[in-house]
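As a plain string of letters, each chain reads:
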Amino acid sequence: MFCGYEATFEYLVVAFGEEFLFRHIILLILLSVFRRWWCYIIGSLMFALILHLNGDFIINLLTKFPVSLLLYYVSGKYKLQDAIGLHWLYNVLVYKFS
């Protein structure tokens, strides 16, 4: 288990990778077929249920799906780096309080 700065840096790398993959690459692919909000829903389902296979199905659906929708919204309304920052902050807070 990581502690302090190592965990914070690890969560930044994870947030960057996941956000770039889902809020940029996968979104661009989905946008070629679906409307924006459908892309957000499909991408969020993929994020919650496929990327996080190691967790409980229902817990992932109830926690990661709505957070992913929020991150798609933030990325669309503002910029990708804002979603990365929010994702990183979420990961750090979950780590600190769990």
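Before reading further, recall that the structure is shown in the block above.
Quantities reported herein were computed from a predicted structural model and do not represent experimental measurements.

Peer 1: How would you sum up helix H3 (residues 57-77)? Please name residues and give values.
Peer 2: Between the first and last C-alpha of H3 there are 29 Å, a value that for 21 residues agrees with the 30 Å anticipated at 1.5 Å per step. The largest bend in H3 is about 30°, located at Lys64, with the proline Pro66 one to four residues further on. Turning to H3, its buried residues number three or more, namely Asn60, Phe65, Ser68, Leu71, Tyr72, Val74 and Ser75. Two to three positions downstream of the cap, the backbone nitrogen of Ile58 sits 3.2 Å from a side-chain oxygen, assigning the N-cap of H3 to Asp56.

Peer 1: How would you explain the nonpolar core if you had to name every residue and give the values?
Peer 2: When a protein is soluble and globular, its nonpolar side chains tend to lie buried together. The biggest cluster of nonpolar side chains holds eight residues, and these are Phe22, Ile26, Leu27, Leu30, Cys39, Tyr40, Phe47 and Tyr72. Within the residue set of this core, elements represented by two or more residues are helix H1 (5-31) and helix H2 (36-51). Ranked by the residues each element gives to this core, the list is headed by H1, at four residues. For Phe47, the residues in contact, after removing those within four places along its chain, are Glu18, Phe22, Arg23, His52, Lys64, Ser68 and His87.

Peer 1: How would you explain the pattern of salt bridges if you had to name every residue and give the values?
Peer 2: It is possible for side chains of opposite charge to pair when their charged atoms get near one another. Throughout the structure, instances matching the rule amount to one salt bridge. Salt-bridge contacts for Arg23 lead to Glu19; the nearest nitrogen and oxygen are separated by 2.7 Å. Note that Arg23 and Glu19 are positioned in helix H1 at a spacing of four residues, about one turn of the helix. The same class applies to Arg23 and to Glu19, which are both buried.

Peer 1: Describe the packing of H3 against helix H4 (residues 80-97), naming the residues involved and giving the relevant values.
Peer 2: The contact between H3 and H4 brings their axes to 7 Å, and the two run at 150°. The angle between H3 and H4 places the two elements in the roughly antiparallel class. From H3, Val67, Leu70, Leu71, Val74 and Ser75 reach across to H4, where they touch Leu80, Asp82, Ala83, Leu86, His87 and Tyr90. When the residues that make up the contact of H3 with H4 are grouped by side-chain class, the tally is eight nonpolar, two polar and one charged.

Peer 1: Go over the side chain of Glu18 with me, naming the residues and quoting the values.
Peer 2: Inspection of the secondary structure puts Glu18 in helix H1. The side chain of Glu18 is buried and forms no salt bridge, while Arg23, the nearest opposite charge, is found at 6.2 Å.

Peer 1: Quick rundown of the environment of Val33? Include the residues and the values.
Peer 2: Looking at the element boundaries, Val33 is found in the loop between H1 and H2. Accessibility expressed as a relative area gives 61% for Val33, which makes it exposed. In the structure, Val33 is positioned 17 residues away from Ile50 in sequence and 20 Å away in space, judged by C-alpha atoms.

Here is what the cut-offs are and how they apply
Residues numbered from 1 in each chain as written. Predicted model: local features only at pLDDT ≥ 70, side-chain atom pairs only at ≥ 80, totals over all residues. Heavy atoms only, no water. Helix = DSSP H or I, 4+ residues; strand = E, 2+ residues; numbered from the N terminus. Expected span 1.5 Å × (residues − 1). Bend = angle between axes of the 7 residues up to and from the residue. Buried < 20%, exposed > 50% of the residue type's maximum accessible area, 1.4 Å probe, protein only. Polar contact = N/O pair within 3.5 Å; in protein donor to acceptor, adjacent residues only side chain to side chain. Core = buried A, V, L, I, M, F, W, Y, C linked by side-chain atoms within 4.5 Å. Contact = heavy atoms within 4.5 Å. Salt bridge = Lys/Arg side-chain N within 4 Å of Asp/Glu carboxyl O. Axes fitted to C-alpha atoms, helices over the stretch in contact; angles between N-to-C directions. Parallel < 35°, antiparallel > 145°, perpendicular 65-115°, else oblique. Nonpolar A, V, L, I, M, F, W, Y, C, P; charged D, E, K, R; others polar. Lys, Arg positive; Asp, Glu negative; His and termini not counted.

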